[in-house]
Amino acid sequence: MNAHTFLKQQVALFQDFSVERLQQLVEGARVESFEAKEAIAHHGDGATHFGVVLSGTVAASVLGAGGMRQPLGQLKAGDTFNEMALMTGDTVCADFIAETRCEVLLIPVSLFQSVIVAEPGAVQRISRTITERMKTVLTDPTKAAAALGQSDDPYGLKLKGERPEKLLVINCGSSSLKYWFYDTANESRQARGQVERIGLDGTKLAHHGPKGEVKRELPKGGFAEAFKTMVAELTSKEMGVIGGAGEVSVVAHRVVHGGEKFTEGTLITDEVLAQIEALNPLAPLHNPVNVAGIREMRRLFPAVPHVAVFDTAFHHTLPAYAYLYGLPYELYEKKGVRRYGFHGTSHHYVSLRAAQFLKRRPNELRLVSCHLGNGSSLCAVDHGRSVDTTMGFTPAEGLIMGTRCGDVDAGVLAFLERTEKLTASQSEEMLNKQSGLLGLSGISSDMREILKAADDGQHRALLALKAYCYRVRKYLGSYVAAMGGLDVVIFTGGIGQGSAEVRALALQGLDCMGLRLDAQRNHDARGFDEVCRISTDDSKVTVLVVPTDEERMMAREALRALSRSYITRVLEAQQQKPFLVEVSAHHIHLTQEHVEALFGPGHQLTKHADLSQPGQYACQEQLAIVGPKGRIERVRVLGPTRKYSQVEIAMTERFKLGVHPPIRESGDIADTPGCTLEGTFGSVKLERGVICAFRHVHMTPENALSYGVRDKSVVRVRIDGDRELVFGDVLVRVDPNFALAMHIDTDEANAAHVQTGAQGFIEGIQSEG
């Protein structure tokens with residue numbers, strides 16, 4: 001029996017597939033044979049394939065408490081696996097081990113999303129399979145606990161794609177080329193190198209790989225010659241890690257400035273490259289070189305996907321009040337003059353590593369990342385989102401750096417223009433290359449030399465050191481105020497990881513904020529090798545030294561961009577499939593205890609009208625919300641009761657109440673402001689619980705499969721109307737009990753002139769669940 005016939009006759013999922021679709025699956029998938037007791041898929045791994053058992057039997061099991069294996073079920077010919085992981089984005093929920101010799105058809109994620117989920121009948125069958133298997137597992141608490149256990153990579157820091165990839169990461173400077181090679185199938189085959197003084201005399205190569213290190217002088221040449229040197233070193237018999245350039249399957253490029261358009265790693269096309277080049281005026285020292293490097297690499301590697309990873313992307317979540325300058329608003333609208341922030345790849349990476357070290361979810365932490373090096377910046381990360389950062393329109397704003405001034409009164413430049421006749425280019429030269437530690441000390445831009453000179457008693461070196469650390473301390477304190485508290489401080493970058501003295505001076509006097517440094521731990525920290533805790537055990541705020549790895553993060557983002565590109569194909573096929581958009585006004589969720597406190601003992605909520613989400617309803621009961629500044633009357637309560645009380649308001653209403661709630665997913669009320677609720681019987685003072693809700697789309701698993709998205713995916717949604725608008729940062733929430741609908745608040749609806757009943761279309765995916 002050939003593969004087409006088997007799939008058609010033996011696998012119920014494919015019974016309605018056309019011959020053409022089956023041909024697509026068979027040609028794009030692969031058949032693998034497994035001997036008895038051989039593992040096919042591992043619990044906790046990311047799902048890279050949809051599996052179909054062609055022959056033999058496969059056991060599904062997990063390791064439970066005490067290392068005892070818990071059987072979950074048996075798969076026979078025609079059965080499938082990995083549906084749940086592919087649909088939710090969670091990891092594989094069991095070990096799948098061959099009981100007998102068997103053959104398995106492994107269908108890549110791209111085919112699963114572009115071919116299988118395009119068939120309505122297949123989506124329905126997969127949804128039923130998921131439901132039935134979850135019911136089977138959840139009836140046994142022991143099996144459920146084992147099957148739903150933690151992944152070995154819940155923070156997504158391992159380099160994994162739907163297939164093994166050999167990635168080349170490129171970072172072009174004005175006269176330098178840095179490169180890194182990663183093999184996702186064998187991470188011991190990493191290599192890195194640097195070509196310095198490109199276009200100048202004294203060009204040098206330094207290459208490090210598993211076979212050792214090589215350094216040599218090179219003839220004077222341009223970037224084309226530097227790239228050829230890189231390829232030659234990676235493929236050389238003596239030091240190479242690949243047999244030929246054709247083995248490279250993905251190239252990731254660092255791009256300094258992505259403007260407001262690029263908010264995640266992006267596959268590079270001619271159109272995208274033109275858009276990046278159009279941003280050159282925002283980063284004239286960096287983007288032109290990045291673009292030239294991309295062009296040369298696309299010429300050398302024309303057959304592989306190239307991905308741009310932007311320094312600014314992580315900061316796209318900054319609120320407008322944090323990124324706008326106090327300049328005429330027209331300068332922002334017409335010229336894009338605003339704060340963008342940089343070092344985003346580093347800040348994102350170390351925030352994930354800190355959460356991993358602490359065994360906490362990134363979206364439950366408030367942390368400040370201090371990237372201190374020749375270029376330095378701080379970033380306030382609130383529940384996984386960058387909410388403020390010290391660098392601004394250019395990397396010259398914020399902290400004092402090696403040769404950059406950091407914050408400076410704009411009037412200084414006008415004064416120097418009048419009195420010293422400084423031109424714009426001379427001002428830029430001074431601010432970027434003659435200031436900072438170098439300008440203050442008159443000695444060096446290198447913190448190691450500043451520290452040595454300060455130890456020798458040189459006054460200006462000591463002054464530069466104190467000014468540098470004071471600026472870090474000042475911004476750190478301001479970010480505690482901005483986030484309303486702090487859980488973690490991270491030091492990273494060459495200075496942050498390497499200087500115990502700078503770390504101690506930067507945190508000096510912050511005991512009042514719960515920061516207590518352990519002097520011995522700080523002294524002993526090996527910041528370039530591992531994550532180190534340098535705070536005392538009783539410190540309310542944890543202080544960590546975290547080695548950054550921007551290149552690994554770039555490789556990770558490139559893999560995710562590839563995955564999003566597969567999903568985009570599904571979205572393009574489904575783009576004419578609309579869903580309902582509903583406007584959600586302010587409302588309140590209550591615990592039963594608070595219901596009785598507000599409306600009287602024994603009171604039960606009274607249904608007024610059903611809502612679109614099954615089991616949810618608007619109640620007859622209404623309350624007043626009272627804040628420090630004002631009150632909002634007649635706010636409706638929604639039922640049924642919840643475990644915690646929560647108040648959801650629009651952004652404009654926070655000014656009326658005098659509170660500053662964060663933007664959160666419903667139910668995430670940690671460290672949020674409170675208010676007073678007044679009812680007909682009494683009042684309740686909430687210590688926390690006021691939020692502005694993420695805009696979101698409710699979906700069933702079947703809906704999610706058909707759109708090619710997962711629970712917690714973040715997407716862009718276009719809403720039709722007389723003022724058509726695309727909303728970004730729309731959270732996808734998947735649950736079997738949901739009904740397909742998007743919810744926006746009244747502010748968003750008013751801005752887009754949208755009313756309940758409008759239609760939304762998913763335009764693209766920003767990040768996977």
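Attention in this report is confined to the structure presented alongside it. (Residues numbered from 1 in each chain as written. Predicted model: local features only at pLDDT ≥ 70, side-chain atom pairs only at ≥ 80, totals over all residues. Heavy atoms only, no water.)

1. Digging into the overall build of the protein chain
Scanning the protein chain from N- to C-terminus turns up 25 helices and 37 strands. Seen along its three principal axes, the alpha-carbon backbone of the protein chain occupies a region of about 80 × 75 × 60 Å. The 769 residues of the protein chain split such that 52% are buried. In the protein chain, once contacts between residues fewer than 6 apart in sequence are set aside, the share between residues at least 24 apart is 67%. Positive and negative side-chain charges in the protein chain, numbering 84 and 92 respectively, have mean positions lying 2 Å apart. (Helix = DSSP H or I, 4+ residues; strand = E, 2+ residues; numbered from the N terminus. Buried < 20%, exposed > 50% of the residue type's maximum accessible area, 1.4 Å probe, protein only. Contact = heavy atoms within 4.5 Å. Lys, Arg positive; Asp, Glu negative; His and termini not counted. Charge placed at Lys NZ, Arg CZ, Asp CG, Glu CD.)

2. Looking at empty space enclosed by the protein
In total, this model carries two cavities of 30 Å³ or more according to the counting rule given. In this structure, the second largest cavity occupies an estimated 30 Å³ of space. Put simply, the parts of the chain that give the lining of the second largest cavity at least two residues each are β9 (166-172), β14 (250-255) and α9 (287-300). (1 Å grid on protein atoms, 1.4 Å probe; cavity = no way out; pocket = protein on both sides within 12 Å on 5 of 7 lines; lining within 4 Å. Points joined across faces, edges and corners; volume = space filled by probe spheres on them.)

3. Details of the nonpolar core
Nonpolar side chains tend toward joint burial in soluble globular proteins. Of all hydrophobic cores here, the largest spans 41 residues; its most connected members are Phe14, Ile40, Phe50, Phe81, Phe96, Ile107 and Ile116. If we skip the residues at most four places from it in the chain, Phe50 touches Leu13, Phe14, Thr80, Phe81, Asn82, Glu83, Leu86, Leu105, Leu106, Ile107, Phe112 and Ile116. Of all hydrophobic cores here, the second largest spans 39 residues; its members include Cys370, Ala461, Ala464 and Leu476. (Core = buried A, V, L, I, M, F, W, Y, C linked by side-chain atoms within 4.5 Å.)

4. Section: the sheet that holds strand β8 (residues 102-108)
Strand pairs in the sheet, formed through backbone hydrogen bonds, run parallel or antiparallel to each other. Overall, antiparallel pairing links the four strands, which are arranged β1-β8-β3-β6 in an open sheet. Two strands in the sheet have a free side with no partner beyond their single neighbour: β1 (30-34) and β6 (80-81). Across five bridges, the pairing between β1 and β8 is antiparallel. In the strand pairing of β8, Phe34 is matched with Cys102. Sheet strands in contact with helix α4 (residues 109-116) are β3 (49-55) and β8, and its direction is about 70° off that of β8. (Pairing = 2+ DSSP bridges. Axes fitted to C-alpha atoms, helices over the stretch in contact; angles between N-to-C directions.)

5. Side note on the packing of aromatic side chains
As enumerated under the stated definition, the model contains seven aromatic pairs in all. Their ring planes at 45° and their centres at 5.8 Å tell us that Tyr323 and Tyr332 sit as a pair that is tilted. Neither residue differs from the other here; Tyr323 and Tyr332 are each classed as buried. Residues Tyr475 and Tyr479 carry aromatic rings whose centres are separated by 6.0 Å and whose planes lie at 45° to one another, so their mutual orientation is tilted. One end of the pair is Tyr475 and the other is Tyr479, both in helix α17 (residues 459-483) and four residues apart, which spans about a single turn. In terms of burial, Tyr475 and Tyr479 fall into one category: buried. An aromatic cluster of three or more residues is present, and its members are Tyr323, Tyr329 and Tyr332. Seen from the ring of Phe761, Arg718 lies directly overhead, with NZ or CZ sitting 4.5 Å from the centre. (Phe/Tyr/Trp six-rings, centres within 6.5 Å; stacked < 30°, edge-to-face > 60°. Lys NZ or Arg CZ within 6 Å of the ring centre and 35° of its normal.)

6. What about the environment of Asp95?
Along the polypeptide, Asp95 turns up in strand β7 (residues 95-98). For Asp95, a relative accessible area of 12% gives the class buried. Residue contacts for Asp95: discarding those within four places in its chain leaves Ala41, His42, His43, Ala59, Ala60, Ser61, Val62 and Arg69.

7. Here we look at the pairing of β9
For β9, the buried fraction is high: seven of the seven residues fall into the buried class. Burial of β9 is two-sided: the residues Lys166, Leu168, Ile170 and Cys172 facing one way and the residues Leu167, Val169 and Asn171 facing the other way are all buried. Of the pairings in the sheet, the one linking β9 to strand β10 (residues 177-183) comprises seven bridges and is antiparallel in character. Residue pairing for β10: Leu167 is matched across the bridge by Tyr182. Between the antiparallel neighbours β9 and β10 lie four residues. Two elements, β9 and β14, share four bridges in a ladder whose sense is parallel. Residue pairing for β14: Val169 is matched across the bridge by Ala252.

8. A closer look at the side chain of Arg339
By the element assignment, Arg339 lies in the loop between α11 (329-335) and α12 (344-358). You can call Arg339 buried: its relative accessible area is 7%. Side-chain polar atoms of Arg339 contact the backbone oxygen of Ala322, separated by 3.0 Å. In this structure the side chain of Arg339 is engaged in a polar contact, spanning 3.3 Å, whose partner is the side chain of Glu397. With residues up to four places along the chain from it excluded, the contact list for Arg339 reads Leu318, Ala322, Tyr323, Tyr325, Asp388, Thr389, Thr390, Met391, Gly392, Phe393 and Glu397. (Polar contact = N/O pair within 3.5 Å; in protein donor to acceptor, adjacent residues only side chain to side chain.)

9. A few points about the sheet that holds β14
Within the open sheet, the eight strands sit side by side as β13-β12-β11-β10-β9-β14-β16-β15. Their pairing is mixed. The strands lining the two open edges of the sheet, one partner per strand, are β13 (212-217) and β15 (266-267). Of the strand pairs in this sheet, β15 and strand β16 (residues 306-310) are connected by two bridges, and their pairing is antiparallel. Across the sheet, residue Thr266 finds its bridge partner in β16, namely Ala308.

10. A look at α12
Given 3.6 residues per turn, any residue in an α-helix points the same way as the ones three and four places further on. Taking 1.5 Å per residue, 15 residues should reach 21 Å; α12 reaches 21 Å between its end C-alpha atoms and fits that length. The element α12 is largely enclosed, with a buried count of 12 among its 15 residues. Those residues of α12 that fall on the buried side of the exposure criterion are Gly344, Thr345, Ser346, His347, Tyr349, Val350, Ser351, Leu352, Arg353, Ala354, Ala355 and Leu358. (Expected span 1.5 Å × (residues − 1).)

11. Overview of the packing of helix α2 (residues 19-28) against α4
At a minimum axis separation of 10 Å, α2 and α4 run at an interaxial angle of 175°. What the angle tells us is that α2 and α4 run roughly antiparallel. Residues Arg21, Gln24, Leu25 and Gly28 of α2 pack against Leu111, Ser114, Val115 and Ile116 of α4. Counted by class, the contact of α2 with α4 contains four nonpolar, three polar and one charged residues. (Parallel < 35°, antiparallel > 145°, perpendicular 65-115°, else oblique. Nonpolar A, V, L, I, M, F, W, Y, C, P; charged D, E, K, R; others polar.)

12. Quick look at the side chain of His207
Relative to the assigned elements, His207 resides in strand β12 (residues 204-209). A distance of 2.7 Å separates polar atoms of two side chains, one belonging to His207 and the other to Tyr179. Those residues in contact with His207, other than ones at most four positions away along the chain, are Tyr179, Ala191, Arg192, Gly193, Gly212, Glu213, Val214, Glu233, Leu234 and Met239.

13. Comments concerning the environment of Ser175
Its location among the elements puts Ser175 in the loop between β9 and β10. The contacts of Ser175, once residues within four sequence positions are left out, are Val195, Glu196, Arg197, Ile198 and Leu200.

14. Some thoughts on the state of the cysteines
The tally for this structure, following the rule as stated, stands at zero disulfides. Just so you know, Cys469 is unpaired, no disulfide at all, and the nearest cysteine sulfur is the one on Cys370, 11 Å from it. Overall, Cys469 belongs to the buried group, its relative accessible area being 2%. (Disulfide = S-S within 2.5 Å.)

15. Details of the pattern of salt bridges
Any two side chains of opposite charge can pair, on the condition that their charged atoms come close. Per the stated rule, a full pass over the model turns up 36 salt bridges. Here Lys166 and Glu247 are joined by a salt bridge, their closest N and O atoms 2.7 Å apart. Within this pair, whereas Lys166 is found in strand β9, its partner Glu247 is found in the loop between α7 (223-235) and β14, the two being separated by 81 residues in sequence. Overall, the relative accessible area of 31% leaves Glu247 in the partly exposed class. Salt bridges linked by common partners bring Arg339, Asp388 and Glu397 together as one network. (Salt bridge = Lys/Arg side-chain N within 4 Å of Asp/Glu carboxyl O.)

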